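Survey of secondary and tertiary structure
Listed below are the residues making up each chain.
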Amino acid sequence: APAMFQCRICSENPFATIFGDGAEDPARRASAKEKRDLGPRGGRAARRRPFQQRSEEEVAAAIERWTGYVHPRAREYFADPESLREILSALAHSVDRGDDPVLGDEEKCVVWHGGMQQPEGDDTDTESRAASGSEVWQDRAVRSHVRRPQAVFRMVKPGETEESVTYVNRVLAFTFAADDSFDQLMKLPKEPFRMSCNNQLCVHIGHISLD
């Protein structure tokens, strides 16, 4: 609901709860290899066609189309409409002109072509270690998505003057998710959400996992 953050704004930064603590490392561009698409449920698909960016006219059309689906919580929080427009513009510029992360077919990943956060460590052999029975490794296996490259972009958060790096899928959830889904997501750790397609560079809102 639009008033869901009214009791928290004075006591804590909503972005720490909603958008996570953010990425510490500077955003970097994903390599062509890292931008390969994954199938709808994790299988490797053929290499995508070269990235085709939207024209300014197409960006404006996408913003107008998505604005109608913005949740009231985002309209209230981004008091300046231009701030919300900048987020939608960054989204439109950073996915292929043929892809739609908000209204597109859920059988297709929408690969992010903007900033990327590299994981601090690698994700090698996590599943086999989890099979050993260690509760620690089991937990790490469940959360293995956080040790993969993440889609991020830079934005100036309300009340701040400097840009910070923010996870794209958390911004998408805050901006577009229905209340029941959003409430479930807010119970998860303050980190990038897991994508059900197993591609953390996918930014299709329909692929955000609720667990």
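To keep things clear, this report deals only with the structure shown in the data block. (Residues numbered from 1 in each chain as written. Predicted model: local features only at pLDDT ≥ 70, side-chain atom pairs only at ≥ 80, totals over all residues. Heavy atoms only, no water.)

1. Comments concerning the nonpolar core
Note the cut-off: Take the buried Ala, Val, Leu, Ile, Met, Phe, Trp, Tyr and Cys residues and link them wherever side-chain atoms come within 4.5 Å; each set so joined is a nonpolar core. Relative accessibility under 20% of the residue-type maximum defines a buried residue, over 50% an exposed one, and the middle range a partly exposed one, all with a 1.4 Å probe and only protein chains included. Helix and strand definitions here come from DSSP, where helices need a minimum of 4 consecutive H or I residues and strands a minimum of 2 consecutive E residues; each element is numbered from the N-terminal end.
Counting 39 residues, the largest nonpolar core has Trp-66, Trp-112, Phe-176 and Val-203 as its most contacted members. Elements with a contribution of two residues or more to this core: helix H2 (56-67), helix H3 (72-77), helix H4 (81-93), strand E3 (150-156), helix H7 (168-176) and helix H8 (179-185). With six residues, H7 is the single largest residue contributor to this core.

2. Comments concerning the packing of aromatic side chains
Quick note on the threshold: When two rings of Phe, Tyr or Trp (its six-membered ring) have centres within 6.5 Å they constitute a pair, described as stacked for plane angles under 30 degrees, edge-to-face for angles over 60, and tilted for the intermediate range.
Tallied over the full model, the rule gives five aromatic pairs. When the centroid spacing of 6.2 Å and the interplanar angle of 65° are considered together, the rings of Phe-78 and Phe-174 count as edge-to-face. Here the residue Phe-78 occupies a position in the loop between H3 and H4, and Phe-174 occupies one in helix H7, the gap between them amounting to 96 residues. In this structure Phe-78 comes out as buried when scored by relative accessible area, which is 4%.

3. Side note on the pattern of salt bridges
Operational definition: Any Lys or Arg side-chain nitrogen located within 4 Å of an Asp or Glu carboxyl oxygen qualifies as a salt bridge.
A complete count under the given rule lists five salt bridges for this structure. For Lys-108, the salt bridge is made with Asp-99, and the minimal N-O distance between the two is 2.7 Å. Across the pair Asp-211 and Arg-194 runs a salt bridge whose closest N-O atoms are separated by 2.6 Å. Taken together, the residues Asp-211 in the segment after H8 and Arg-194 in the segment after H8 connect sequence positions 17 residues apart. Judged by relative accessible area, Asp-211 falls into the exposed class, the value being 59%.

4. Details of the state of the cysteines
Filter applied, for reference: Any two cysteine sulfur atoms within 2.5 Å of one another count as a disulfide.
One pass over the structure, following the stated rule, counts zero disulfides. Here Cys-109 is not disulfide-linked; the sulfur of Cys-197 is the nearest cysteine sulfur, at 3.6 Å. Of the residues examined, Cys-109 reaches a relative accessible area of 1% and is grouped as buried. Lacking any disulfide linkage, Cys-202 is separated from the closest cysteine sulfur, that of Cys-197, by 3.8 Å.

5. Details of unusual backbone geometry
Positive phi is not limited to glycine here, since Asn-198 has a value of about 70°. Inspection of the secondary structure puts Asn-198 in the segment after H8. What makes Asn-198 partly exposed here is its relative accessible area of 35%.

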